[in-house]
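Here is what each chain is made of, one letter per residue.
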Amino acid sequence: MRFDQRVAMITGSGSGIGEGIAKTLSAAGVKVVINDLDDQKIERVVGEIKADGGTATGIRADVTKLDEVEAMYASIVREFGQIDILVNNAGIARDKSIRKMSEADWDAVIDVNLKGVFLNCKVASEYMRERNYGRIINISSRAWLGWPGQANYAASKGGVISLTRTLALELGKKGITVNCIAPGIIETALWHSLPEDAKARLLKAQPTGKIGSPKDIANAAAFFAADAAGYITGQTMFVCGGKSLFANLG
Ligand code: NAP
């Protein structure tokens with residue numbers, strides 16, 4: 001599948017899943033914008049995409065700050081003339097039981113994972129409306145189903161699904177689709193930091209017997225981002241090796 005002439009912003013794409021999505025879209029011909037908080041991470045990903053023959057630029061911006069988000073899209077439109085695809089990927093976790101979870105833990109996670117998605121959708125969709133075309137893909141998590149120790153994270157990811165459904169209704173007539181991906185366990189730095197016994201327990205609970213890779217999420221994002229997916233909106237796709245089929249096992 002080729003997407004030549006399309007321009008995509010992927011938030012939090014200096015590492016992990018976002019980096020995988022940016023590289024997959026770039027390999028399909030999309031001009032990609034790498035956003036993150038860390039300049040070094042941005043430079044590395046932009047450099048690797050360019051070395052592979054892609055077109056990429058980087059913008060350091062905090063997705064929770066409206067002025068930074070506005071400046072980011074103004075800069076994209078100045079450089080590329082348009083924004084076609086937005087992948088809201090930036091996310092954080094501060095896992096604790098509710099007894100230990102502070103107000104600051106709650107606010108930090110809701111700010112990045114939910115408010116950040118709202119702000120990017122709000123600003124990007126104004127540019128998309130002008131061209132009557134857009135693909136918005138929000139990264140939720142299987143954790144939205146509920147998970148002990150993740151009250152803030154699960155609530156933020158459930159909120160992302162409600163936001164997706166609502167914006168699909170608001171923006172549909174403007175040629176903009178809004179969909180969601182709910183990943184299960186994905187092999188990122190977090191996975192490698194887990195103790196071996198925790199990894200073994202989690203693997204045992206996977207119906208497919210294996211965990212996913214950033215590429216698995218990137219493939220789903222590329223599907224929603226395609227022109228051909230224009231009749232699909234407001235949907236959430238689980239990409240979790242079937243673990244959503246039994247929500248609370250391990
Ligand atoms: P990651 O490697 O930590 O990537 C997240 C990126 O978001 C980081 O590069 C981070 O930048 C950036 N970021 C954080 N706050 C930001 C902000 N305010 N503004 C701009 N960028 C910000 O995590 P990941 O595992 O790839 O996760 C990506 C997404 O998938 C998240 O939404 C996560 O909730 C979701 N997810 C992940 C898994 C999994 O198993 N990994 C499962 C389900 C869902 P810095 O590190 O430079 O601060």
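Notes on the structure follow.

So, how was this worked out
- Residues numbered from 1 in each chain as written.
- Predicted model: local features only at pLDDT ≥ 70, side-chain atom pairs only at ≥ 80, totals over all residues.
- Heavy atoms only, no water.
- Helix = DSSP H or I, 4+ residues; strand = E, 2+ residues; numbered from the N terminus.
- Contact = heavy atoms within 4.5 Å.
- Polar contact = N/O pair within 3.5 Å; in protein donor to acceptor, adjacent residues only side chain to side chain.
- Phe/Tyr/Trp six-rings, centres within 6.5 Å; stacked < 30°, edge-to-face > 60°.
- Buried < 20%, exposed > 50% of the residue type's maximum accessible area, 1.4 Å probe, protein only.
- Lys NZ or Arg CZ within 6 Å of the ring centre and 35° of its normal.
- Near = heavy atom within 4 Å.
- Areas by Shrake-Rupley, 256 points an atom, 1.4 Å probe, with all protein chains shown as cover.
- 1 Å grid on protein atoms, 1.4 Å probe; cavity = no way out; pocket = protein on both sides within 12 Å on 5 of 7 lines; lining within 4 Å.
- Sits in = over half its atoms within 2 Å of the grid points.
- Nonpolar A, V, L, I, M, F, W, Y, C, P; charged D, E, K, R; others polar.
- Points joined across faces, edges and corners; volume = space filled by probe spheres on them.
- Salt bridge = Lys/Arg side-chain N within 4 Å of Asp/Glu carboxyl O.

### Quick notes on the environment of Thr-64
Mapping Thr-64 onto the fold places it in the loop between strand 3 (56–60) and helix 3 (66–80). Put simply, Thr-64 and Leu-203 are 139 residues apart on the chain and 34 Å apart in space, counted from C-alpha to C-alpha. Not counting chain neighbours up to four residues away, the residues in contact with Thr-64 comprise Asp-111, Val-112, Lys-115 and Leu-119. Separated by 2.8 Å, the side chains of Thr-64 and Asp-62 make a polar contact.

### Notes on the packing of aromatic side chains
Each aromatic ring pair is summarised here by two numbers: the centre-to-centre distance and the angle between the ring planes. Applying the stated criterion across every chain, the model contains 1 aromatic pair. Arranged with centres 5.6 Å apart and planes meeting at 55 degrees, the rings of Phe-223 and Phe-224 form a pair that is tilted. You can call Phe-224 buried: its relative accessible area is 2%. For Arg-6, the ring lying beneath its charged end belongs to Tyr-133, and the centroid distance is 3.7 Å. A cation over a ring is seen here: Arg-142 above Trp-147, with NZ or CZ 5.5 Å from the ring centre.

### Some details on the site of the ligand
Neighbouring the ligand are 27 residues; Ile-17, Asp-36, Lys-41, Asn-89 and Tyr-153 lie closest to it. Note that a nitrogen atom of the ligand is positioned 2.9 Å from one of the side-chain N or O atoms of Asp-62. With respect to the ligand, the backbone of Val-63 contributes an N or O atom lying 3.1 Å from a nitrogen atom. The fraction of the free accessible surface of the ligand (880 Å²) that becomes covered by protein chains is 83%. Structurally, the ligand is housed in the largest pocket. Looking at the shell around the ligand, the elements that each hand over two or more residues are helix 1 (16–27), strand 2 (31–36) and helix 5 (151–171). Classifying every residue of the shell around the ligand gives 12 nonpolar, 10 polar and 5 charged.

### Section: the layout of surface pockets
Taken as a whole, the largest pocket encloses approximately 1,500 Å³ of empty space. Elements represented by at least two residues in the lining of the largest pocket include exactly helix 1, strand 2, helix 5, helix 6 (189–193) and helix 7 (196–204). Residues belonging to the lining of the largest pocket are distributed by class as follows: 22 nonpolar, 13 polar and 9 charged.

### Examining unusual backbone geometry
For Gln-5, which is not glycine, the phi torsion reads 80 degrees and is therefore positive. Mapped onto the fold, Gln-5 is located in the segment before strand 1 (7–10). Located in the positive-phi region is Asn-132, a residue other than glycine, with phi close to 55 degrees. Here Asn-132 falls in the partly exposed class, since its relative accessible area comes to 46%.

### So, the pattern of salt bridges
Inspection of the entire model under this criterion finds 13 salt bridges. Close ionic contact of Glu-19 with Arg-44 constitutes a salt bridge, the shortest N to O distance being 2.8 Å. Of this pair, Glu-19 sits in helix 1 while Arg-44 sits in helix 2 (residues 39–51), and the two are 25 residues apart along the sequence. Residue classification places Arg-44 among the partly exposed positions, given a relative accessible area of 36%. Note that Lys-23 and Glu-48 form a salt bridge whose closest N and O atoms lie 2.5 Å from each other. Of this pair, Lys-23 sits in helix 1 while Glu-48 sits in helix 2, placing them 25 residues apart in sequence. Look at Glu-48 and you get partly exposed, because its relative accessible area is 30%. Put simply, Arg-6, Asp-84, Arg-131 and Asp-227 are held in one network by salt bridges that share partners.

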